[in-house]
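# Summary of structural features
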Amino acid sequence: MKVRVLGAGVIGLACAWELTRRGHTVEVVDPAPGAGASHAAAGMLCPAGELWHGEEDLWRLGRESAALWPAFASQLGVEVHRTGTLLAGADAGDLQEIDRQLALLAAAGTVVEPLGRRELQATEPGLGRVAGGALLPEDHSVDPRSVVAALLARVPVTRSSVGLHVADPAYDVTVVATGSDLPEPFAHLVRPVRGEILRVRTDDAPRHVVRGLVHGEPVYVVPRAGSDEVVIGATSEEHDGPAVVTVEGVHRLLDAARQLLPSLDRAAFVEAIARNRPGTRDNLPLVGPSGVDGVVLAAGHYRHGVLLAPLTARLVADQLETGAVDVALDPRRPALEGAPA
Ligand code: GLY
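Residues numbered from 1 in each chain as written. Predicted model: local features only at pLDDT ≥ 70, side-chain atom pairs only at ≥ 80, totals over all residues. Heavy atoms only, no water.

So, on to the packing of helix α1 (residues 10-21) against helix α3 (residues 56-76). The axes of two packed helices give the description: the angle between them and the distance between them. Put simply, α1 and α3 touch, their axes get as near as 13 Å, and they point 80 degrees apart. Compared by their axis directions, α1 and α3 come out roughly perpendicular. In this structure, α1 contributes Ala14, Trp17 and Arg21 to the contact, and α3 contributes Phe72, Gln75 and Leu76. (Axes fitted to C-alpha atoms, helices over the stretch in contact; angles between N-to-C directions. Helix = DSSP H or I, 4+ residues; strand = E, 2+ residues; numbered from the N terminus. Parallel < 35°, antiparallel > 145°, perpendicular 65-115°, else oblique. Contact = heavy atoms within 4.5 Å.)

Set out below in structure tokens:
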């Protein structure tokens, strides 16, 4: 097939690479390849760490995609940082919340190792005052910027916003993968959820990904493999304005991260950026036929774009070749009918 992919973030590029490897002719178009949400993403491959009530489909998809990551990463020549993830609650209220998540994970049959305060601090000696938490040994991370760079080295991209119109009879199929900025008639299917995220450098990085709740404030700290970079994220705000970094956002992230890992006080501040996550009404992605002839969506990945990239690529390519659709992700599903996301 002759396929055009709109959007050169991790989703669009992963789809384009998979389709190319299956022998299709693929053209990718993006005015600023790799500069959207993928550029901000922390790269946590953490289906367990992000599991919450009512999100069973996301859990299933996250686990399926996490299982594809080792081969996907090794074919790209990037490393999966296999540290596991620590959940850490600063006070009794935070720990209660974490315990609720652990009960959900236990019911879903996943591996969790609950840790008391001392065990947690022995596992991650840089932690400050914590009430307790758990180790999620199967939740790892990658560097999304390395992943995107490796994909861009394999998939040529036309730098253009011209042609970001969905109907183009020159192609058998157009795959729309433009994150929170979907063209019409699909724009109403996603809502922008701003995430602000920081990067610092330190010679005292944590050994694990640490997902903390600090007096009710969620924060995660992600060390990079083979580097002194540490990512601190992320705010989450529903809004209609541009994705700008705010003083309050930076303050909240730094405040929570420093309480969780006090040695971050000595880290060198590198970057603060903000991008919009593409949220859908049911917080599940849109992967499959759009309802417009010749147009397939690969969008709406909300908090999970990096994790779900290899699975999305496979689903999109399967869809084009066999017509198969995962009903939970079908962009025409009843849950999305009516009002905007
Ligand atoms: N998946 C992490 C985030 O969206 O902040």
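So, next bit.
So, about the site of the ligand. Taken together, Met44, Glu50, Tyr220, Ala234, Arg277 and Arg303 make up the full set of residues near the ligand. Between the ligand and the protein, one listed contact pairs a nitrogen atom with a side-chain N or O atom of Glu50 at 3.0 Å. One nitrogen or oxygen atom from the side chain of Tyr220 is found 2.5 Å from an oxygen atom belonging to the ligand. Protein coverage of the free-state accessible area of the ligand, which is 200 Å², stands at 87%. Of the residues that constitute the shell around the ligand, the class distribution is three nonpolar, no polar and three charged. (Near = heavy atom within 4 Å. Polar contact = N/O pair within 3.5 Å; in protein donor to acceptor, adjacent residues only side chain to side chain. Areas by Shrake-Rupley, 256 points an atom, 1.4 Å probe, with all protein chains shown as cover. Nonpolar A, V, L, I, M, F, W, Y, C, P; charged D, E, K, R; others polar.)

A few words on the sheet that holds strand β8 (residues 157-158). Reading across from one edge, β8-β2-β1-β9-β17-β16 is the order of the six strands in this open sheet, with mixed pairing throughout. At either margin of the open sheet sits one strand with a lone partner, and together these are β8 and β16 (286-289). Sheet analysis places strand β9 (residues 173-176) next to strand β17 (residues 295-299), joined by three bridges and oriented parallel. Across the sheet, Val175 pairs through a bridge with Val296, a residue of β17. (Pairing = 2+ DSSP bridges.)

Membership of the largest hydrophobic core comes to 47 residues, with the highest contact counts inside it found for Val10, Trp69, Phe72, Leu76, Val147, Leu151 and Val316. Those elements that provide at least two residues to this core are β1 (2-6), α1, α3, α6 (144-154), β9, β17 and α8 (305-322). A per-element tally of this core places α8 first, with nine residues. Apart from the residues within four sequence positions on either side, Val316 is in contact with Cys15, Val175, Val287, Val296 and Ala298. By size, the runner-up hydrophobic cluster in this structure holds 24 residues, among which are Leu120, Val219, Ala256 and Leu264. (Core = buried A, V, L, I, M, F, W, Y, C linked by side-chain atoms within 4.5 Å. Buried < 20%, exposed > 50% of the residue type's maximum accessible area, 1.4 Å probe, protein only.)

It is worth spelling out helix α4 (residues 92-107) at this point. In this model, α4 (16 residues) spans 22 Å end to end at C-alpha, consistent with the 22 Å of a helix rising 1.5 Å per residue. Among the residues making up α4, those that are buried are Asp94, Leu95, Ile98, Gln101, Leu102, Leu104 and Leu105. Those residues of α4 that are buried lie in contact with α3, β4 (85-89), β5 (113-116), β6 (132-136) and β11 (209-214). After α4 finishes, the residue Gly109 shows a positive phi value of roughly 80 degrees. (Expected span 1.5 Å × (residues − 1).)

Let us now look at the pairing of strand β12 (residues 217-223). Among the seven residues of β12, five are classified as buried, and the element is accordingly described as predominantly covered. The pairing of β11 with β12 spans five bridges and is classified as antiparallel. By the bridge assignment, Leu213 is partnered in β12 with Pro218. Here β11 folds back onto β12 in antiparallel fashion, the turn holding two residues, of which His215 has a positive phi close to 50 degrees. Inspection of the sheet shows β12 paired to strand β13 (residues 229-233) by four bridges, in the antiparallel sense. Considered in β13, the bridge of Pro223 is made with Val230. Turn length for the β12-β13 hairpin, with the two strands adjacent in sequence and antiparallel, is five residues, and the turn residue Gly226 shows positive phi of about 65 degrees.

One pass over the full model with this rule turns up 25 salt bridges. Where Arg4 meets Asp168, a salt bridge forms, and the shortest distance between an N and an O atom there is 3.8 Å. Taken together, the residues span a long stretch of sequence, with Arg4 in strand β1 and Asp168 in the loop between β8 and β9 at a distance of 164 residues. With relative accessibility at 2%, the residue Arg4 sits in the buried group. The shortest N-O distance in the salt bridge between Glu50 and Arg303 comes to 2.8 Å. Placement of the pair is Glu50 in the loop between β3 (44-45) and α3 and Arg303 in the loop between β17 and α8, with a sequence separation of 253 residues. One salt-bridge network, in which partners are shared between bridges, spans Asp143, Arg145, Arg199, Arg224, Glu229 and Glu271. (Salt bridge = Lys/Arg side-chain N within 4 Å of Asp/Glu carboxyl O.)

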